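# Residue-level structure breakdown
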Amino acid sequence: MSRRPPPRADRSWLLGTPFAAFLLAAFSEWSAPWAVRWFAFVPAPARIEEIRDGIPVVLVDTGAAEPVEALAHGVHTPGDPVDVTVRHVPSLPEAAVLSDHVSPWPFLVLAVLACLAVPAVWGPGGLRAAWNRRRRRSAPSRRRRRSRPDRDRDRGAALWRPVLARAVPALLCTVAGILLAVPGILRAAVGIGHLPDSAALAFLTCAWLLLPAGGFLAVRALLHYADRAPVRSVPAPARTLPARVSSALLVCALLVAGGGAAGGRAWHLYQGHRAMAATEAGTALVSEVWERDVRGGCQGEADLHYTVADLPYSTALDIPCEDVERVRAERFVDVEWSADRPGYVRWVR
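Residues numbered from 1 in each chain as written. Predicted model: local features only at pLDDT ≥ 70, side-chain atom pairs only at ≥ 80, totals over all residues. Heavy atoms only, no water.

## A look at the nonpolar core
Most often, soluble globular proteins have nonpolar side chains that are buried together. In this structure, Val 58, Val 86, Leu 304, Val 327 and Val 335 are the most contacted members of the largest nonpolar core, which totals 30 residues. Setting aside anything within four residues of it in sequence, one finds Val 335 in contact with Glu 280, Ala 281, Gly 282, Thr 283, Ala 284, Leu 304, Val 345, Arg 346, Trp 347 and Val 348. If you look at the next biggest cluster of nonpolar residues, it comprises 10 residues, including Ala 40, Leu 92, Ala 95 and Ala 200. (Core = buried A, V, L, I, M, F, W, Y, C linked by side-chain atoms within 4.5 Å. Buried < 20%, exposed > 50% of the residue type's maximum accessible area, 1.4 Å probe, protein only. Contact = heavy atoms within 4.5 Å.)

Right, here's the structure in full:
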């Protein structure tokens, strides 16, 4: 009687790994300007030169011969002094924030990470429970009682070779991922263009391919050691969180992340609507007009420059696609900007 070959492991998920890494890299590139500035605590004098897309462009005095141009996150209103104090990231003055600016996003991210980390470590299927199960593994010849718990365990080279075969690649993948992630995040954090930085995306995509692989191999090395290393006394079963609590924490992480993103978007729209309640009319210089495809249609965008209270402003404004040629032919267009937040502007047709 012929024996059936063992079923092959399903590895179709590997096909989606590069796409998932690219999505994570795109999110990291988008969030890097905010994430890096969480570590801005070095004070320095600066002068606001321009407001670009609502963000003050400042010249930071670092003590060098020439000041450093930086995008300082924060809010500047007409009438406020242009000589300000900023906080920047150590050794990276290009990543700066105005001294009175406080971002709520770190608290949201920490809450999401806490909701994910607790089930990953203390949940029924978490790392602590997996370690405990492997340390309590009985020898095949002892089903009920383990009089010698170290029997059927490896020692010496038989133990450490498989562990190191997983731990060394894990360390190499992790170190390589960190070395690629750092320049990618720093490039994305100080970028000033409207389009994503292709080099930063490449660095971060490679990093997101290597870092999860390093973490996976590290966990495998740890659990192999727990499964095969000698045990002097059988540990008691580990106490873990109830399954419902772990599931609730995972749902909470999803709700906090989704609610925070939706709430941030809604708050931004509300601020724009409230700011445009009182407006001032003026003209703006059109420096560039381009088109892009949006959901099978067309959307125009114009780069506008105007001056409010002797301070230059520049922003990219959406315009109807049918008006692209007319705006491109005109050098100046009529606009309205918010009296309190001139970074909010709309085109008057």
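Having put the structure on the table, let's press on.
## Here we look at the packing of helix 4 (residues 157-189) against helix 5 (residues 198-228)
With their axes 6 Å apart at the nearest point, helix 4 and helix 5 run at an angle of 155° to one another. For the element pair helix 4 / helix 5, the angle class is roughly antiparallel. Relative to helix 5, helix 4 is oriented so that their crossing is left-handed. (Axes fitted to C-alpha atoms, helices over the stretch in contact; angles between N-to-C directions. Helix = DSSP H or I, 4+ residues; strand = E, 2+ residues; numbered from the N terminus. Parallel < 35°, antiparallel > 145°, perpendicular 65-115°, else oblique. Left-handed = near helix turned anticlockwise from the far one by under 90°.)

## Describing a nonpolar patch on the surface
A grouping of Phe 27, Trp 30, Trp 34, Trp 38, Phe 39, Phe 41, Trp 105, Val 109, Leu 110, Leu 113, Leu 116 and Leu 250 is seen on the molecular surface, where their side chains present a nonpolar patch of about 1300 Å² in accessible area. Where the nonpolar patch is concerned, the elements lending two or more residues are helix 1 (17-36) and helix 2 (105-122). Considering each element in turn, the nonpolar patch owes the most residues, 5 residues, to helix 2. (Patch = residues over 30% accessible without salt bridge, like charges linked within 9 Å, V, L, I, M, F, W, Y side chains within 5 Å. Areas by Shrake-Rupley, 256 points an atom, 1.4 Å probe, with all protein chains shown as cover. Salt bridge = Lys/Arg side-chain N within 4 Å of Asp/Glu carboxyl O.)

## Section: the pattern of salt bridges
Throughout the structure, instances matching the rule amount to 7 salt bridges. One salt bridge in this structure joins Asp 83 and Arg 47, with 2.8 Å as the shortest N-O distance. Residue Asp 83 is located in strand 4 (residues 83-89), and its partner Arg 47 is located in strand 1 (residues 42-52); the two are separated by 36 residues in the primary sequence. In this structure Asp 83 comes out as exposed when scored by relative accessible area, which is 51%. Among the residues examined, Arg 47 registers a relative accessible area of 38% and is labelled partly exposed. Salt-bridge contacts for Glu 325 lead to Arg 328; the nearest nitrogen and oxygen are separated by 2.9 Å. One end of the pair, Glu 325, and the other, Arg 328, are both in helix 7 (residues 324-329), 3 residues apart, so they sit about a helical turn from each other. Among the residues examined, Arg 328 registers a relative accessible area of 38% and is labelled partly exposed. Through salt bridges that share partners, Arg 47, Glu 49 and Asp 83 make up one connected network.

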